[in-house]
Amino acid sequence: MQNFIYFFYCRTKAKLDLRRGRSDEQMLLDKLAEVQSKDPGAYTHIEFDKESGAVVFILIQTSEMRDMLEKFPEVILMDITYKINKNQMPVSVIEVMDGEGVGQVVAYIFLANELKETLTAGLMCFAKASGKETLLNTQCVVVDKDFSEIGAVKIVMPDAKIHLCSVHVERNLKLAAKGDNTKKKALDSFRGMVYAETDTEFSKHCTEFQAAASEKLYSYFEKNWLNCKEAWSLKDRALVMTLRNHTTNRVESHNQKLKMVSFCAQHLMVAVLSVKNRFMHVYITVCNLFSILDLQCKH
């Protein structure tokens, strides 16, 4: 019991020492200013709702991230991760692949929600920070099938081709096929369409899929997948520079590491100082600040 009381006392004292009479918003602004002062080439922005004053999104991009995007803008990988801050703000993580085939984060966008307009506003800010001329060189954006994310990308990067993660494509159809008596045969035919290299090969597997699938499954496929086959079939994807990125595995792997570190340091600002990775340092700084402040977000 005494240990608990002491812990509560230390936590309360840490909050008071950290606050020093400042409002939640001012503390966040000060922390972002600190990031900026340590890295003058960085770009940080916090967007507040004009009516409620709630946080809409926060963009963080270090100078190294900006350099990476400028050098390797051709293929962008995007994924939204969850459960990594106390305010339950989803975080859009944006990556590119460097010259050695390693994924490199080029921006973090904390989002109040996953509405298309919120994602669009965040990506617009990302485009402004990165330089629109840089994103004109983006050939392809790989995402999972999140309609809000896809809609936002189409607005901000209209010339880039949107490709869907192959893993998510197969997973979604597998879920839709659950309960079908001919599920295995239908999935094999669908996989044939995913990796078809010609229109003829695609049509062959599509006919096989229609014959094997139930009426309900084929209707789902026709409505959700057939009209966007250029985003998931190899025959169309091969025409676009992808650097062999057909999944969002790279960025999802990064997100798993974020979750591990964020969980361990969620309430300890001092833990930020021990994180050597520059990107992790910036991320956890803001993440922990949110945890301590209970900052209001526009959900």
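Rules behind the numbers
- Residues numbered from 1 in each chain as written.
- Predicted model: local features only at pLDDT ≥ 70, side-chain atom pairs only at ≥ 80, totals over all residues.
- Heavy atoms only, no water.
- Phe/Tyr/Trp six-rings, centres within 6.5 Å; stacked < 30°, edge-to-face > 60°.
- Lys NZ or Arg CZ within 6 Å of the ring centre and 35° of its normal.
- Helix = DSSP H or I, 4+ residues; strand = E, 2+ residues; numbered from the N terminus.
- Buried < 20%, exposed > 50% of the residue type's maximum accessible area, 1.4 Å probe, protein only.
- Salt bridge = Lys/Arg side-chain N within 4 Å of Asp/Glu carboxyl O.
- 1 Å grid on protein atoms, 1.4 Å probe; cavity = no way out; pocket = protein on both sides within 12 Å on 5 of 7 lines; lining within 4 Å.
- Points joined across faces, edges and corners; volume = space filled by probe spheres on them.
- Nonpolar A, V, L, I, M, F, W, Y, C, P; charged D, E, K, R; others polar.
- Axes fitted to C-alpha atoms, helices over the stretch in contact; angles between N-to-C directions.
- Parallel < 35°, antiparallel > 145°, perpendicular 65-115°, else oblique.
- Left-handed = near helix turned anticlockwise from the far one by under 90°.
- Contact = heavy atoms within 4.5 Å.
- Core = buried A, V, L, I, M, F, W, Y, C linked by side-chain atoms within 4.5 Å.

Asker: Break down the packing of aromatic side chains for me, with residues and values.
Answerer: According to the stated counting rule, one finds nine aromatic pairs in the structure shown. The rings of Phe 190, Phe 202, Phe 209, Tyr 218, Phe 221, Trp 225 and Trp 232 are connected pair by pair, giving a single aromatic cluster. Lying across the ring of Trp 225, Lys 145 places its NZ or CZ 3.9 Å from the centre. The ring of Phe 202 carries the charged tip of Lys 235 above its face, separated from the ring centre by 5.3 Å.

Asker: Explain unusual backbone geometry residue by residue, including any values.
Answerer: Within the chain, Leu 243 stands out as a residue other than glycine whose phi angle is a positive 55 degrees. You can see Leu 243 is positioned in the loop between helix H11 (234-237) and helix H12 (249-264). Its identity is not glycine, yet Arg 244 carries a phi of approximately 65 degrees, on the positive side. One can find Arg 244 in the loop between H11 and H12.

Asker: Help me get a handle on the environment of Ala 33, residues and values and all.
Answerer: With respect to the helices and strands, Ala 33 occurs in helix H2 (residues 24-38). Residue classification places Ala 33 among the partly exposed residues on the basis of a relative accessible area of 43%. A sequence separation of ten residues divides Ala 33 from Tyr 43, and the C-alpha atoms of the two residues are 9.8 Å apart.

Asker: Can you break down the pattern of salt bridges residue by residue, with the values?
Answerer: It is possible for side chains of opposite charge to pair when their charged atoms get near one another. By the definition in use, this model includes six salt bridges. Residue Glu 170 pairs with Arg 191 through a salt bridge whose shortest N-O separation is 2.9 Å. Of this pair, Glu 170 sits in helix H7 (residues 166-176) while Arg 191 is found in helix H8 (residues 183-194), placing the two residues 21 residues apart along the sequence. We classify Arg 191 as partly exposed; its relative accessible area is 34%.

Asker: Report on the layout of surface pockets, specifying residues and quantitative values.
Answerer: Roughly 340 Å³ of volume is contained in the largest pocket. Around the largest pocket, the lining is made up of 19 residues, and of these Lys 154, Ile 162, Cys 228, Glu 230 and Ala 231 lie nearest the centre. Within the residue set of the lining of the largest pocket, elements represented by two or more residues are helix H6 (147-156) and strand E7 (161-164). Top element by residues in the lining of the largest pocket is E7. It accounts for four residues. Each residue belonging to the lining of the largest pocket can be placed in one class, and the counts come to eleven nonpolar, three polar and five charged.

Asker: Can you lay out the packing of H7 against helix H10 (residues 215-224) for me, pointing to particular residues and giving the numbers?
Answerer: Their axes nearest at 10 Å, the elements H7 and H10 cross at an angle of 150 degrees. In terms of axis orientation, H7 runs roughly antiparallel to H10. You can see that H7 and H10 cross each other, and the crossing is right-handed. For the pair formed by H7 and H10, the contact residues are Asn 172, Leu 173 and Ala 176 on the first element and Leu 217, Tyr 220 and Phe 221 on the second. Broken down by class, the residue content of the contact of H7 with H10 amounts to five nonpolar, one polar and no charged.

Asker: Can you break down the nonpolar core residue by residue, with the values?
Answerer: Phe 126, Phe 209, Phe 221 and Trp 232 are the most contacted members of the largest nonpolar core, which has 52 residues in total. At six residues, the largest contribution of residues to this core is made by helix H4 (residues 116-130). Apart from residues no more than four positions distant in its own chain, Phe 209 is found in contact with Leu 173, Ala 186, Ser 189, Phe 190, Met 193, Leu 217, Tyr 218 and Phe 221. Core analysis: the next-biggest nonpolar cluster, separate from the first, contains 18 residues, Ile 58, Tyr 108, Phe 110 and Val 142 among them.

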